[in-house]
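# Architecture at a glance
Each chain, written out:
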Amino acid sequence: AWTHQIDLFGVCACSHFLLYTEYMQVVRDGERWRPRAQLKRYWQAGLWSEIFEALLNVPANGPRPDLALLADKIEDFLAE
């Protein structure tokens, strides 16, 4: 069965490229995946950590992240 994990990884990889201007490499951190590159403090690290966490760690048959909620958080940040 097709899952949406690859699409969400693509969104995550594009976001990463826009922030870092380099391709994303991921590392396993316990049971979770995260980008290898560290976020800069002034990049709203909490927001981007939440986004990367949600998009990189989608269970195969579990619930998908709420993309509308993530988009709203980005919009709220950009509106500040």
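Here we summarise the structure given alongside this text.

About the cut-offs
Residues numbered from 1 in each chain as written. Predicted model: local features only at pLDDT ≥ 70, side-chain atom pairs only at ≥ 80, totals over all residues. Heavy atoms only, no water. Helix = DSSP H or I, 4+ residues; strand = E, 2+ residues; numbered from the N terminus. Buried < 20%, exposed > 50% of the residue type's maximum accessible area, 1.4 Å probe, protein only. Areas by Shrake-Rupley, 256 points an atom, 1.4 Å probe, with all protein chains shown as cover. Lys, Arg positive; Asp, Glu negative; His and termini not counted. Charge placed at Lys NZ, Arg CZ, Asp CG, Glu CD. Expected span 1.5 Å × (residues − 1). Arc of directions from axis to C-beta. Contact = heavy atoms within 4.5 Å. Polar contact = N/O pair within 3.5 Å; in protein donor to acceptor, adjacent residues only side chain to side chain. Patch = residues over 30% accessible without salt bridge, like charges linked within 9 Å, V, L, I, M, F, W, Y side chains within 5 Å. Salt bridge = Lys/Arg side-chain N within 4 Å of Asp/Glu carboxyl O.

Further remarks concern the overall build of the protein chain. Looking only at helices and strands, the protein chain has three helices and two strands in total. Reading the protein chain from its N end, one meets helices and strands in the order α-β-β-α-α. Across the 80 residues that make up the protein chain, the buried fraction comes to 24%. Entry remark: accessible area of the protein chain is about 5900 Å², with carbon and sulfur atoms responsible for 56%. For the protein chain, the distance from the average site of its 8 positive side-chain charges to the average site of its 11 negative ones is 9 Å.

Before going further, it helps to examine unusual backbone geometry. Phi at Thr 21 is positive, roughly 55 degrees, even though this residue is not glycine. Mapped onto the elements of the fold, Thr 21 is located in the loop between helix 1 (5–20) and strand 1 (26–29). Despite not being glycine, Gln 44 shows a phi value in the positive range, around 55 degrees. Within the element layout of this structure, Gln 44 appears in the loop between strand 2 (32–35) and helix 2 (45–56). By relative accessible area, Gln 44 is classed as partly exposed at 36%.

This part is about helix 2. A rise of 1.5 Å per residue sets the reference length of helix 2, with its 12 residues, at 16 Å; its end C-alpha atoms lie 16 Å apart and thus fit the reference within 8%. For helix 2, the complete set of buried residues consists of Leu 47, Trp 48, Ile 51, Phe 52, Leu 55 and Leu 56. Take helix 2 and look down its axis: the buried residues cluster within an arc of 140 degrees, on one side only. Elements in contact with the buried residues of helix 2: helix 1, strand 1, strand 2 and helix 3 (67–79).

Here we come to helix 3. Given 3.6 residues to a turn, an α-helix orients residues that are three or four positions apart in the same direction. Relative to the 18 Å expected for 13 residues at 1.5 Å per residue, helix 3 spans 18 Å between its end C-alpha atoms, a close match to the ideal helical length. Measuring from the side-chain oxygen of the N-cap residue of helix 3 to the backbone nitrogen of Ala 68 gives 3.2 Å; that N-cap residue is Asp 66.

A surface patch of negative charge is lined by Asp 66, Asp 72, Glu 75, Asp 76 and Glu 80. Inspection of the secondary structure puts Glu 75 in helix 3.

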